[in-house]
Amino acid sequence: ALAWRPDGKILAFGLADTKRVILCDVEKPESLHSFSVDAPITYMHWMEVTEESSVLTSFFNAEDESNLLLPKLPALPKNFSTTAKIFSEEKSDEIMKLMGDVRLNALVLGNNSGFIEIYAYGMYKIATVTGVAGSCLALCLSSDLKSLSVITRVEISPESEPEITYFQFDTSLLSTYLPEVTRMARKFTHISTLLQYIKLSLTCMCEAWEEILMQMDSRLTKFVQEKNTTTSVQDEFMQLLLWGKASLELQGLLMSQLTVKGLKKLGQSMESSYSSIQKLVISHLQSGSEALLYHLSELKGMALWKQKYESLGLDVTGIEGTLADSLV
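The sections below set out a description of the structure shown in this document. Residue positions are given per chain, counted from 1 along the sequence in the order it is written. Given that this is a predicted model, residues contribute local features only at a pLDDT of at least 70 and side-chain atom pairs are listed and counted only at 80 or more, while totals for whole chains, interfaces and linings are drawn from all residues. Each side-chain value is worked out from all heavy atoms of the structure, with water and hydrogens disregarded.

Observations concerning the overall build of the protein
In DSSP terms, a helix is any run of H or I states spanning at least four residues, a strand is any run of E spanning at least two, and both are numbered starting from the N terminus. Along the protein, the regular secondary structure elements total nine helices and 11 strands. Looking at the protein residue by residue over its 328 residues, the buried ones come to 42%. For this analysis, residues touch if any pair of their heavy atoms sits within 4.5 Å. Taking all contacts inside the protein whose residues are at least 6 apart in sequence as the whole, residues at least 24 apart take part in 57%. Using a 1.4 Å probe on the protein chains alone, a residue whose accessible area is under 20% of its type maximum counts as buried, one over 50% counts as exposed, and one in between counts as partly exposed.

Below is the structure:
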């Protein structure tokens, strides 16, 4: 099963063998987001909400103002294998737009186990419908979020023909809380994207450190292969340090690989890798963490407005715990 986002920029498709849904950028062949589902997806429908209201208009304006307050995320280095292409562009904040426009759109998933799930912006699950008989053949969520139509195939018995059943569900609760659902979904989109950005920054730091280890490892590999003694590499260097006596193999390593020129070259490589790690921490990791803290703080403010958001499941205690952990 697959579905296009209404603006045509992202394709969602389900993998039956792994029970995962993947959102793929059509302009750059890479996965932007993925999540697991309980059963193989048999049908997808991606729609855009067309309902207008003064509350939503003010929210759209506020969304633009928040973008002005946050610094742009620096582009991650392109020379690391794990760097996603979308984060290595000059305008890496474009990921926020690619993961979902400000206007709410919803990805509706139907499976063969009687479950219907609705994901705002294709990422944030806002509703689950259970008890639908049969395997989903088609579904459609109205553009005002007030009704959900589902067509299923029900297998009565192996001998009889399957029945085609039509269901229509009242989803006016989503329409009633549309501004609140939209704001929560946007916050989830931002937070999920920033977590991915921070994770990739940490991975780039690990790769930069691994470059140092690989260069040292390449110098020791030949020594280990030619070593005829039963002692380990650590023991060889320890004997040299304590007794000032080196084996013939270690002497060959010191004379050919660990010369003054070789050590200077290794030192330059280590300094370059250290500079890369320092830049990733100061520029990328700090920028991503500050933006994450900003959105978590706004989410806490939303949770404190219990009249609007308590019925949607926002928990102040959980958010405060997350904020405390992020500040440690």
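Quick notes on the environment of phenylalanine 35
Position of phenylalanine 35 relative to the elements: it lies in strand E4 (residues 30-36). As a C-alpha pair, phenylalanine 35 and valine 21 span 14 residues in sequence and 5.5 Å in three-dimensional space. Ignoring any residue separated from it by four or fewer positions in sequence, one finds phenylalanine 35 in contact with Lys19, Arg20, Val21, Leu109, Tyr119 and Gly122.

Regarding the pattern of salt bridges
A pairing counts as a salt bridge when a side-chain nitrogen of Lys or Arg comes within 4 Å of a carboxyl oxygen of Asp or Glu. Evaluation of the coordinates by the stated rule reveals six salt bridges. With a shortest N-O distance of 3.4 Å, lysine 125 and glutamate 117 are connected by a salt bridge. Of the charged contacts in the structure, one is a salt bridge between lysine 187 and glutamate 298, with a shortest N-O distance of 2.3 Å. Placement of lysine 187 in helix H4 (residues 178-226) and of glutamate 298 in helix H7 (residues 260-304) is noted, with a sequence separation of 111 residues between them. Assessed through its relative accessible area of 4%, lysine 187 is described here as buried.

A look at the packing of aromatic side chains
Aromatic pairing here means that ring centres of Phe, Tyr or Trp (its six-membered ring) are within 6.5 Å. Orientation follows from the plane angle: under 30 degrees is stacked, over 60 is edge-to-face, and everything else is tilted. A full pass over the atoms with the stated rule returns four aromatic pairs. Plain terms: the ring middles of tyrosine 124 and phenylalanine 188 are 5.0 Å apart, the flat faces sit at 35° to each other, and that makes the pair tilted. Linking tyrosine 124 in strand E8 (residues 124-129) with phenylalanine 188 in helix H4, this pair joins segments that are 64 residues apart in sequence. Of the residues examined, phenylalanine 188 reaches a relative accessible area of 32% and is grouped as partly exposed. Ring centres of tryptophan 305 and tyrosine 309 lie 6.4 Å apart, and the angle between their planes is 65°; on these two criteria the pair is classed as edge-to-face. A relative accessible area of 46% places tryptophan 305 in the partly exposed class.

Quick notes on the side chain of glutamate 117
Position of glutamate 117 relative to the elements: it lies in strand E7 (residues 116-120). A 3.5 Å cut-off defines polar contacts: any pair of N or O atoms within that distance qualifies, except that in protein one atom must be a possible hydrogen donor and the other a possible acceptor, and neighbouring residues in sequence count only when both atoms are side-chain atoms. A polar contact is formed between the side chain of glutamate 117 and the side chain of lysine 125, at a distance of 3.4 Å. Sequence-distant contacts of glutamate 117, defined by excluding residues within four places in its chain, comprise Val37, Leu107, Val108, Leu109, Lys125, Ala127 and Thr128.

Overview of the pairing of strand E6 (residues 105-111)
Along E6, seven of the seven residues are buried, which leaves the element largely enclosed by surrounding structure. Alternating positions in E6 separate into two faces, Asn105, Leu107, Leu109 and Asn111 on one and Ala106, Val108 and Gly110 on the other, with burial throughout. Both E6 and E7 contribute to a ladder of five bridges, which runs antiparallel. Considered in E7, the bridge of glycine 110 is made with isoleucine 116. Turn length for the E6-E7 hairpin, with the two strands adjacent in sequence and antiparallel, is four residues, and the turn residue glycine 114 shows positive phi of about 85°. We treat two strands as partners when DSSP finds at least two bridges between them.

A short note on the nonpolar core
Grouped burial of nonpolar side chains is what soluble globular proteins tend to show. Only buried residues count toward a nonpolar core, which is a set of Ala, Val, Leu, Ile, Met, Phe, Trp, Tyr and Cys residues joined through side-chain atoms within 4.5 Å. In this structure, Ile116, Ile118, Ile126, Leu141, Leu145 and Leu314 are the most contacted members of the largest nonpolar core, which totals 50 residues. Among the secondary structure elements, those contributing two or more residues to this core are E6, E7, E8, strand E9 (135-141), strand E10 (147-154), H4, H7 and helix H9 (316-327). Tallying contributions element by element places H4 first for this core, with 12 residues. Dropping the residues within four chain positions of it, leucine 314 is found in contact with Met184, Leu299, Met302, Ala303, Tyr309 and Ile319. Among the nonpolar cores identified, the runner-up in size contains 15 residues, and Ala3, Ala12, Phe35 and Trp46 belong to it.

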